[in-house]
Amino acid sequence: MNYYLRYFDDETLVHNINDAIGFLASISEIDMTPELEADIREYAESDVLFPKRYKVRPRVYFIIIKTEAATMQDFKDKKALRRDIAPIAKMPDQTRLMEVRRGWYEGHFDFKRVVVNHLGKCEYRDTTFVAQCIADSPMDCYNRIVEHLKGRVDERSQFPSAKGKNFNYKFLGLEKPAEA
């Protein structure tokens, strides 16, 4: 993992977190305290992929972005964008979502989950949730997953639209008939 850092016009792409801390320490306006260094190292080791900004003074920040770009030019050309794993099914169209077909569905759901960090601040984390359920339609599968998650994650979490690319499903088969 590489790191892009920017403070006004000063920017760099480094290949390890020690170089990143060295770059920040070389900027006179940034007070590199042991707490700041520890927080930067914790961010680097975490699985959080969102950019992180740090306050230097009121309304002035520096930013760190995790990237797979090997060079600054690759980063600027956006050649190292993360490619999602092949989706389970094509992005569903509205008519297929409402098609009634009772049985087992597997829903694949990417959403923004709110997590309160050790500082008491909220962060949005990309979270993937996969569930198998009996449903009447793909839309019913979507609704069941949302209802399940609403009772288990912070209410500020953001769920995707059933029509978007962050919800995929596949029909697994018919429900077993009840035995007499």
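Since this is a predicted model, take the numbers as computed values, not measurements.

J.: Quick one: what's the story with the sheet that holds strand β4 (residues 60-67), residue by residue and with numbers?
T.: What the four strands build is an open sheet, ordered β2-β1-β4-β3; its pairing is antiparallel. Of all strands in the sheet, those bounded by a partner on one side alone are β2 (10-14) and β3 (52-57). When the angles between neighbouring strand axes are averaged without regard to direction, this sheet yields 15°. Strand direction decides the pairing type here: strand β1 (residues 2-7) and β4, joined by five bridges, are antiparallel.

J.: Go over the pattern of salt bridges with me, naming the residues and quoting the values.
T.: With the rule as written, the count across this model stands at ten salt bridges. When the shortest N-O distance is used, the salt bridge between R41 and E37 registers 3.1 Å. A residue pair is termed a helical-turn pair when its members lie 3 or 4 positions apart in one helix, as R41 and E37 do in helix α2 (residues 34-45) at four residues. A relative accessible area of 27% places R41 in the partly exposed class. Judged by relative accessible area, which is 27%, E37 ranks as partly exposed. Of the charged contacts in the structure, one is a salt bridge between K52 and D39, with a shortest N-O distance of 3.6 Å.

J.: Any details on helix α1 (residues 17-25)? Residues and values, ideally.
T.: Turning to α1, its buried residues are I17, A20, I21, F23 and L24. Buried positions in α1, seen along its axis, are confined to an arc of 155° and lie on one side of it. Where α1 is buried, its residues touch β1, β2, α2 and β4. Between the side-chain oxygen at the start of α1 and the backbone nitrogen of N18 there is a gap of 3.1 Å, and the oxygen is on N16.

J.: I'd like a description of the environment of R125, backed by residues and values.
T.: Along the chain, R125 turns up in strand β6 (residues 122-135). Relative accessible area serves as the criterion here: at 25%, R125 is assigned to the partly exposed category. Put simply, R125 and D47 are 78 residues apart on the chain and 9.0 Å apart in space, counted from C-alpha to C-alpha. Within polar-contact distance, the side chain of R125 engages the side chain of E123 at 3.5 Å.

J.: Any chance you could break down the sheet that holds β6 for me, citing the residues and the numbers?
T.: The three strands lie next to each other as β6-β5-β7, forming an open sheet whose pairing is antiparallel. Pairing within the sheet leaves two strands with one partner each, and these edge strands are β6 and β7 (167-173). Strand after strand, the sheet turns through a mean of 25° between neighbouring axes, direction not considered. The strands that helix α5 (residues 138-150) touches are β5 (103-116), β6 and β7; relative to β6, the one it contacts most, it runs at about 130°.

J.: Lay out the packing of α1 against α2 with the relevant residues and their values.
T.: Where α1 contacts α2, the two axes come as close as 11 Å, and the packing angle between them is 145°. Considering how the two elements wind past one another, α1 and α2 form a crossing that is right-handed. Contacts from I17, N18, I21 and L24 in α1 reach E37, I40, R41 and A44 in α2. Counted by class, the contact of α1 with α2 contains five nonpolar, one polar and two charged residues.

Analysis parameters
Residues numbered from 1 in each chain as written. Predicted model: local features only at pLDDT ≥ 70, side-chain atom pairs only at ≥ 80, totals over all residues. Heavy atoms only, no water. Pairing = 2+ DSSP bridges. Helix = DSSP H or I, 4+ residues; strand = E, 2+ residues; numbered from the N terminus. Axes fitted to C-alpha atoms, helices over the stretch in contact; angles between N-to-C directions. Salt bridge = Lys/Arg side-chain N within 4 Å of Asp/Glu carboxyl O. Buried < 20%, exposed > 50% of the residue type's maximum accessible area, 1.4 Å probe, protein only. Arc of directions from axis to C-beta. Contact = heavy atoms within 4.5 Å. Polar contact = N/O pair within 3.5 Å; in protein donor to acceptor, adjacent residues only side chain to side chain. Left-handed = near helix turned anticlockwise from the far one by under 90°. Nonpolar A, V, L, I, M, F, W, Y, C, P; charged D, E, K, R; others polar.

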